[in-house]
Amino acid sequence: MTTKTVDVLLVGAGAMSTTLGVMLKELDPSLKICMVERLDEVAKESTDCMNNAGTGHAAYCELNYTPEAADGTINCSKAYAINASFEVSLQFWSYLVRKGALPEPSNFINPVPHQSFVWGEKNVNFLRNRYDALKDHHQFDVMEYSEDPEVIREWMPLVMEGRKDGEKIAATRVRYGSDVNFGSLARNMVSYLDRSDDFELLLSHDVTDFYQNKDNSWDVSLKNKASKETFTINSKFVFLGAGGGALPLLQKTDIPEGKGYGGFPVSGQWLVCKKQSIVEKHASKVYGAAPIGAPPMSVPHLDTRVIDGKKALLFGPFAGFTTKFLKNGSVMDMFGSLKPNNLKPMLYVGATSMDLTKYLISEVMQTHGSRVMSLSNFFPKAQEEDWEISHAGQRVQIIKKDENGKGKLEFGTEVITSSDGTLAALLGASPGASTSVSAMLSIVEKCFTKQLENEWHEQIIAMIPSYGQNLTEDAGLLKQVRSETLSTLGLDPEFIEKQAEAV
């Protein structure tokens, strides 16, 4: 058995690992980094463009990020946090574009307005209250609101086409929304890493075991899926960024911080429009209200996507249940993750999540016709023959002990680090890749504390100008960084219009 030694081992080649790899290389080019991926290509699981919504999640249109209390008040704290996190991602991507590390921004990000659309008096009242709660805050002061059918028709003509007169409707719009091809972004980041010294990419390799040495370094056992060769990589730091596959790997490490976590896998499907004449009528991401019991990844939305320079139109996602943790995983994944330390919270969540269970059963039972009927709420003239089904990626929602020692289902993402800072893992789903830069930055802060405080400090500010400051509280700072990122990444509609006029 051969052994090679590195400074950083990244497990998984999706949005998280590629972001952390580039971030660490920018902070210290001398780091020796190895990235291991079980598939034969980079970013082919949840990061791939058709396996996720492609929404640059900024809480502009996602109604589940602003829950309504029993008294009708809107809690905006999560919206503020997600919006600020996405602004951090935009800053980092802008830095890489200016440096030439990433290609022309349209290769991975494009301007697509973010809009919310609801119908029925209850939902209209909610959207109005949400708008009132957000509109005066500097992070959301660009948001527009209307209950006027003619204004809404201008914003989203396809949604209004064939809609009944007199229906109670409302919508919001933020023109500065984005569609992100996270697969393209991740592959371009790996290409950049490949051009640097001391980086190695190992495709088609399985991670089989972990052992921590007395010096706190990790011996990670790998198997080449083609040759069946086994070998060990010794690394000072290990990151598990393997999407749904991160939980089983975390369990193999046996670190105390990973005890008690379980996973609930949710699959997804899209309706994809085949008719280009319909695709061209829609130019936005339109999010609606979630059905009762639906996980955040299943909030319905009608999306303009830009994939390899070509527009597409998707609706969904329609959720389903599977025991696989990865799209290319095994039906035994969930059963294999059951351990004595997580069995109680897993069973408790299973017994108390009847709304979710009913919702998933109803989703699985849907026919193509019933899915198109759901679509007709957003596009009244939708015809079955114009749409086909496409399978999205797997999402593994976090299950962990609650404050009473029972169990709770978490719909966000969570970073787990060992007490000695030598290993970190990212679990969970939404908002996922949109906040990858903030998530990976938190790992750098926890696991590379001394370097960040000293020799890395100046470079981190060059990469992320708002680092160490609060975008939710500092309106002037947000205006400054947003102006820079929107123009650098081509997301400012007015800037783009002026450029076109100049040409």
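Refer to the structure printed above.
Just so you know, these numbers come straight off a predicted model, no measurement behind them. Starting from 1, residues in each chain are numbered consecutively following that chain's sequence as written. Reporting in this predicted model follows two pLDDT cut-offs: at least 70 for local features of residues, and 80 or more for side-chain atom pairs to be given and counted; totals over whole chains, interfaces and linings ignore these cut-offs and use all residues. Excluded from the side-chain calculations are hydrogens and water; all other atoms, namely the structure's heavy atoms, are used.

1. Looking at the packing of helix H2 (residues 77-99) against helix H16 (residues 475-488)
Phase 1: Between N-to-C directions, angles cover 0 to 180 degrees, with each direction set by a line fitted to C-alpha atoms, over the stretch in contact for helices. Put simply, DSSP marks the helices as runs of H or I at least four residues long and the strands as runs of E at least two long, and each gets a number from the N terminus on. Contact geometry of H2 with H16 gives a least axis separation of 9 Å together with a crossing angle of 50 degrees. By the angle between their axes, H2 is oblique relative to H16. For the crossing formed where H2 meets H16, the hand is left-handed. Only Leu478, Val481, Arg482, Glu484, Thr485 and Thr488 of H16 make contact with H2, whose side of the interface consists of Asn83, Glu87, Leu90, Gln91, Ser94, Val97 and Arg98.
Phase 2: Residues that form the contact of H2 with H16 fall into these classes: four nonpolar, five polar and four charged. Should an angle lie under 35 degrees it is considered roughly parallel, over 145 roughly antiparallel, and from 65 to 115 roughly perpendicular; all remaining angles are considered oblique. Each helix crossing is assigned a hand: it is left-handed if the near helix lies turned anticlockwise from the far helix by less than a right angle, otherwise right-handed if that turn is clockwise. Whether two residues are in contact is decided by their heavy atoms: any pair within 4.5 Å suffices. Residue classes follow a fixed rule: Ala, Val, Leu, Ile, Met, Phe, Trp, Tyr, Cys and Pro count as nonpolar, while Asp, Glu, Lys and Arg count as charged, and any other residue, Gly among them, counts as polar.

2. Section: the packing of H2 against helix H6 (residues 182-194)
Phase 1: It is the contact of H2 with H6, at a shortest axis distance of 13 Å, that shows an interaxial angle of 50 degrees. Classified by the angle between their axes, H2 and H6 sit oblique to one another. Considering how the two elements wind past one another, H2 and H6 form a crossing that is left-handed. Together, Phe92, Trp93, Leu96 and Lys99 of H2 and Phe182, Leu185, Met189 and Tyr192 of H6 make up the contact between the two elements.
Phase 2: When its residues are assigned to classes, the contact of H2 with H6 shows seven nonpolar, no polar and one charged.

3. Observations concerning a nonpolar patch on the surface
Phase 1: Candidate patch residues must exceed 30% relative accessible area and have no salt bridge, after which like charges are joined if within 9 Å and Val, Leu, Ile, Met, Phe, Trp or Tyr side chains if within 5 Å. Residue burial considers only the protein chains on display, and all accessible areas are found by Shrake-Rupley using a 1.4 Å probe. Any carboxyl oxygen of Asp or Glu within 4 Å of a side-chain nitrogen of Lys or Arg constitutes a salt bridge here. Taken together, the side chains of Val331, Met332, Phe335, Leu338, Leu343 and Leu347 present a nonpolar region at the surface, about 560 Å² in accessible area.
Phase 2: With respect to the element layout, Met332 can be found in the loop between strand S15 (310-321) and helix H9 (333-336).

4. Remarks on helix H10 (residues 343-352)
Phase 1: Buried residues are those whose accessible area, probed at 1.4 Å on protein chains only, stays under 20% of the maximum for their type, while exposed residues exceed 50% and partly exposed ones sit between those limits. Residues of H10 that are buried include every one of Pro345, Met346 and Val349, and no others. Considered in projection along H10, the buried side chains sweep an arc of 100 degrees and stay on one side of the axis. Exposed residues on H10 whose side chains face more than 90 degrees from its buried face are Lys344, Leu347 and Ala351.
Phase 2: Buried-residue contacts for H10 involve strand S12 (262-273), H9, strand S17 (395-400) and strand S18 (408-410). By arc we mean the arc of the directions from the helix axis to the C-beta atoms, nothing more.

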